[in-house]
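Report on the structure
This is what each chain is made of:
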Amino acid sequence: MIGLEDFVADNYSKIGNQVLPPGASLGNGLTPEAARDLGLLPGIAVAVSLIDAHAGGLGVIGADVKGHGLVCEGQPVTSRLAVICGTSSCHMGISKDPIFVPGVWGPYFSAMVPGFWLNEGGQSVTGKLIDHMVEGHAAFPELQVKATARCQSVYAYLNSHLDLIKKAQPVGFLTVDLHVWPDFHGNRSPLADLTLKGMVTGLKLSQDLDDLAILYLATVQAIALGTRFIIEAMEAAGHSISTLFLCGGLSKNPLFVQMHADITGMPVVLSQEVESVLVGAAILGACASGDFASVQEAMAKMSKVGKVVFPRLQDKRYYDKKYQVFLKLVEHQKEYLAIMNDN
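Identification of the protein as FGGY carbohydrate kinase domain containing from Piliocolobus tephrosceles is taken from an unreviewed UniProt entry. Heading Sequence similarities (unreviewed entry) of the UniProt record for the protein holds this comment: "Belongs to the FGGY kinase family."

Below, the structure written as structure tokens:
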């Protein structure tokens, strides 16, 4: 239909017509030439691979959660959502039958966990957005000096500064009159609108370290609210999600993790092994080598729960109101666009 008939000619000879699931063993293992280049032995099993985010999802989503008080312990693996969050974020949900979610990629059969359909939501430039907001603020040089003096990263310093200024209230309440729409680089899911822009409402004339910390907090919350938006779209289409499994660079930030728990109302599971993409790759290799009979068995044995972060359910009403404002922001943005485009 789009002029690529040559790809399907001669029974797909140009792109190949043999499809194997992740973790399947390829050929006769490592060829002598490749083994020489890598300093390994010929014949070592070579697994069908995955892209980085899918390997991260595979590395966390099948962990044995017994004894952690999680509702997903008694539920199928399809009740779990893997969120791989770094420079950008990917939201991986699987299902036994294909589910079509508007604005969310897929369903793709056996694209991550063999035998399951994958839906993949996403947020463009999440980690990069946090950097952009923090580094572009007038108080950033002061932040750098103070964080360096304490031998901390700027984000560890900001997290502790937020704890200082929150006084008696929960830290999340500091943004009661500051709201961010995070699509500075367009929306990937669930709106699939690359024309959307970022929005901030509630700015003041002051530009001190307190203002920077609160803007950073509002940005982190906006990303978590975007995750809630994606989850609601997936659930409206037929997914049933109860637990988040986070990995990637941003999952190392305790504020980011807690805000995802509080705003979605779901517990967040963090892996014992921080580099979950590598765990996913190891799972594939362990299947190809025959150490495990299936990817599901390998996931349950090789993925370990490191920490569980539960939502502060007493703050639910506050975050429900933040979410209402969040949805209003994009509504207003579209109204402004309509006004400016009106002839």
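Some thoughts on helix α8 (residues 254-264)
Most of α8 is tucked away, with nine of its 11 residues classed as buried. Buried residues of α8: Leu255, Phe256, Val257, Met259, His260, Ala261, Asp262, Ile263 and Thr264, and no others. Its side-chain oxygen placed 3.0 Å from the backbone nitrogen of Leu255, Asn253 serves as the N-cap of α8. Directly after α8, the chain includes Gly265, whose backbone phi takes a positive value near 75 degrees.

Observations concerning the pattern of salt bridges
Summed over the entire model, instances satisfying the criterion amount to 11 salt bridges. As a salt-bridge pair, Asp163 and Lys166 come within 3.9 Å of each other at their nearest N and O atoms. Taken together, the shared-partner salt bridges connect Arg228, Glu232, Lys316 and Asp320 into one network.

Topic: helix α6 (residues 154-165)
The terminal C-alpha atoms of α6, which comprises 12 residues, lie 16 Å apart, in line with the 16 Å expected from a rise of 1.5 Å per residue. For α6, every residue scored as buried is listed here: Val154, Tyr155, Tyr157, Leu158, Asn159, His161, Leu162 and Ile165. The elements touched by buried residues of α6 are α4 (126-135), α5 (140-149), α7 (209-237) and α8. Looking one or two residues past α6, Lys167 carries a phi angle of roughly 55 degrees, positive in sign.

Here we look at the state of the cysteines
Taken as a whole and judged by the stated rule, the model has zero disulfides. Cys247 takes part in no disulfide bond, and the closest cysteine sulfur, belonging to Cys85, lies 6.6 Å away. By relative accessible area, which is 2% here, Cys247 ends up buried. With no disulfide of its own, Cys287 has Cys247 as its nearest cysteine by sulfur position, at a separation of 18 Å.

Observations regarding the sheet that holds strand β8 (residues 268-271)
What the seven strands build is an open sheet, ordered β3-β4-β2-β1-β7-β8-β9; its pairing is mixed. Edge strands, defined here as strands with exactly one partner in the open sheet, are β3 (105-109) and β9 (305-309). Put simply, the sheet's adjacent strands are angled 25 degrees from each other on average, direction ignored. Examined bridge by bridge, strand β1 (residues 80-85) and strand β2 (residues 89-95) share five bridges and lie antiparallel to one another. Of the residues in β2, the one forming a bridge with Val83 is His91. In the packing of helix α3 (residues 52-61) onto the sheet, contacts are made with β1, β2, β4 (117-123), β7 (243-247) and β8, and the angle to β1 comes to roughly 135 degrees. Against the sheet, α8 touches β1, β7, β8 and β9, its axis set at about 160 degrees to β7.

Focus: empty space enclosed by the protein
Throughout the structure, instances matching the rule amount to two cavities of 30 Å³ or more. Put simply, the largest cavity is a space of about 110 Å³. As for the largest cavity, its lining consists of 17 residues, and the residues nearest its centre are Gln123, Pro182, Asp183, Asn187 and Gly226. Going through the elements one at a time, β4, α4 and α7 are the ones with two or more residues in the lining of the largest cavity. Counting residues per element, the lining of the largest cavity draws most heavily on α7, which supplies three residues.

As for the packing of aromatic side chains
Each pair of aromatic rings is reported with the distance of its centres and the angle of its planes. All told, the structure shown has seven aromatic pairs when counted by the stated rule. Ring geometry for Phe109 versus Trp117: centroids 5.1 Å apart, planes at 55 degrees, classification tilted. Measuring from ring centre to ring centre gives 4.1 Å for Phe173 and Tyr318, while their planes differ by 15 degrees; the resulting arrangement is stacked. Highlighted residues: Phe173 in the loop between α6 and β5 (179-181) and Tyr318 in helix α11 (residues 316-341), separated in sequence by 145 residues. Assessed through its relative accessible area of 24%, Phe173 is described here as partly exposed. Residue class for Tyr318 comes out buried when judged on its relative accessible area of 11%.

What counts and what doesn't
- Residues numbered from 1 in each chain as written.
- Predicted model: local features only at pLDDT ≥ 70, side-chain atom pairs only at ≥ 80, totals over all residues.
- Heavy atoms only, no water.
- UniProt positions renumbered as here; feature names shortened; annotations may be inferred.
- Buried < 20%, exposed > 50% of the residue type's maximum accessible area, 1.4 Å probe, protein only.
- Helix = DSSP H or I, 4+ residues; strand = E, 2+ residues; numbered from the N terminus.
- Polar contact = N/O pair within 3.5 Å; in protein donor to acceptor, adjacent residues only side chain to side chain.
- Salt bridge = Lys/Arg side-chain N within 4 Å of Asp/Glu carboxyl O.
- Expected span 1.5 Å × (residues − 1).
- Contact = heavy atoms within 4.5 Å.
- Disulfide = S-S within 2.5 Å.
- Pairing = 2+ DSSP bridges.
- Axes fitted to C-alpha atoms, helices over the stretch in contact; angles between N-to-C directions.
- 1 Å grid on protein atoms, 1.4 Å probe; cavity = no way out; pocket = protein on both sides within 12 Å on 5 of 7 lines; lining within 4 Å.
- Points joined across faces, edges and corners; volume = space filled by probe spheres on them.
- Phe/Tyr/Trp six-rings, centres within 6.5 Å; stacked < 30°, edge-to-face > 60°.

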